[in-house]
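# Analysis of the macromolecular model
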Amino acid sequence: MTNKVQNELPENYNELKKAANRTSSWRTRFDAVEELGQYKHSKVIDVLTTRMTKDPVFKVQEAAYRQLKGLGEDVQQPKQTKFDIIKGTSKILLRIKKSLPADHSFKEFEEKFKKMRLDVYDAYEGEKGAGFDKWLENEWASLLKK
């Protein structure tokens with residue numbers, strides 16, 4: 001990919017904007033942010049600013065920040081959250097657990113979580129990276145005690 005910044009909207013702006021806001025895939029948002037960063041236009045800057053300040057996945061926030069800086073924007077680097085990246089995650093997980101039979105397996109829990117709340121699943125997968133499976137298993141184990 002070239003680092004030449006263009007001053008007009010990309011031909012596929014609407015598709016990129018949609019991709020940048022797709023809640024079910026942090027990777028799609030990340031890729032859209034990377035591509036949008038090649039265009040210095042007020043609409044692109046608005047999308048990147050929103051991703052930088054509102055995206056639940058820190059990797060996407062960082063990418064948007066990097067692209068905005070590259071476009072010469074005066075922006076503050078986002079700070080990584082220490083708590084639930086999506087409010088109410090514990091309640092969501094508990095609801096999923098309660099919807100399964102008492103003797104369900106971790107794999108059944110994980111599949112139902114992914115099916116019921118792909119947006120939340122995907123956000124945590126992106127945020128936790130390689131530690132996602134361990135984190136989810138720990139969350140599930142703690143729910144079994146409730």
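If you're wondering where the values come from, they're calculated on a predicted model, not measured in any experiment.

## Quick word on the overall build of the chain
A tally of regular secondary structure across the chain gives eight helices and zero strands. The secondary structure elements of the chain, listed N-terminal to C-terminal, are α-α-α-α-α-α-α-α. For the C-alpha atoms alone, the extent of the chain along its principal axes is close to 60 × 30 × 25 Å. By residue count, 40% of the 146 residues in the chain fall in the buried class. Across the chain, contacts joining residues at least 24 apart in sequence account for 60% of those joining residues at least 6 apart. Total accessible area on the chain stands at roughly 9000 Å², and carbon and sulfur atoms take up 49% of it. Both charge centroids of the chain, one from 29 positive and one from 23 negative side chains, sit 6 Å from each other.

## Concerning the pattern of salt bridges
Counted under the stated rule, the structure contains seven salt bridges. Between Glu-73 and Lys-40 there is a salt bridge whose closest N-O contact spans 3.3 Å. On the criterion of sequence distance, the pair formed by Glu-73 in the loop between helix H4 (58-70) and helix H5 (89-98) and Lys-40 in the loop between helix H2 (26-36) and helix H3 (42-54) is long-range, its members being 33 residues apart. Judged by its relative accessible area of 24%, Glu-73 falls in the partly exposed class. Lys-40 sits in the partly exposed class, given a relative accessible area of 30%. Through salt bridges that share partners, Arg-29, Arg-51 and Asp-55 make up one connected network.

## Quick look at helix H6 (residues 106-116)
At 3.6 residues per turn, the α-helix brings residues three or four places apart onto the same side. Along H6, the residues classified as buried are Phe-106, Phe-109, Glu-110 and Phe-113. With its buried residues spanning 95° around the axis, H6 presents them on a single face. Counted as exposed and oriented over 90 degrees from the buried face of H6: Glu-111 and Lys-115. On its buried face, H6 is in contact with H5, helix H7 (118-128) and helix H8 (132-144).

## Digging into the packing of H7 against H8
Across the interface, H7 lies against H8 with an axial gap of 8 Å and an inter-helix angle of 125°. Overall, the two elements H7 and H8 adopt an arrangement that is oblique. Along its contact with H7, which presents Tyr-121, Tyr-124, Glu-125 and Lys-128, the element H8 presents Phe-132, Trp-135 and Leu-136.

## Some thoughts on the confidence of the model for the chain
Summing up the model confidence of the chain, the mean pLDDT is 90 and the portion of residues at 70 or higher is 94%. Here H8 stands out as the element of the chain with the lowest mean pLDDT, 90, in contrast to H6, whose mean of 96 is the highest.

## Section: the packing of aromatic side chains
Per the counting criterion, the structure on display carries seven aromatic pairs. With centroids separated by 5.0 Å and ring planes inclined at 80°, the aromatic side chains of Tyr-121 and Phe-132 adopt a geometry described as edge-to-face. On the criterion of sequence distance, the pair formed by Tyr-121 in helix H7 and Phe-132 in helix H8 is long-range, its members being 11 residues apart. For the pair shown, Tyr-121 and Phe-132 are each scored as buried.

Parameters and conventions
- Residues numbered from 1 in each chain as written.
- Predicted model: local features only at pLDDT ≥ 70, side-chain atom pairs only at ≥ 80, totals over all residues.
- Heavy atoms only, no water.
- Helix = DSSP H or I, 4+ residues; strand = E, 2+ residues; numbered from the N terminus.
- Buried < 20%, exposed > 50% of the residue type's maximum accessible area, 1.4 Å probe, protein only.
- Contact = heavy atoms within 4.5 Å.
- Areas by Shrake-Rupley, 256 points an atom, 1.4 Å probe, with all protein chains shown as cover.
- Lys, Arg positive; Asp, Glu negative; His and termini not counted.
- Charge placed at Lys NZ, Arg CZ, Asp CG, Glu CD.
- Salt bridge = Lys/Arg side-chain N within 4 Å of Asp/Glu carboxyl O.
- Arc of directions from axis to C-beta.
- Axes fitted to C-alpha atoms, helices over the stretch in contact; angles between N-to-C directions.
- Parallel < 35°, antiparallel > 145°, perpendicular 65-115°, else oblique.
- pLDDT = per-residue confidence, 0-100.
- Phe/Tyr/Trp six-rings, centres within 6.5 Å; stacked < 30°, edge-to-face > 60°.

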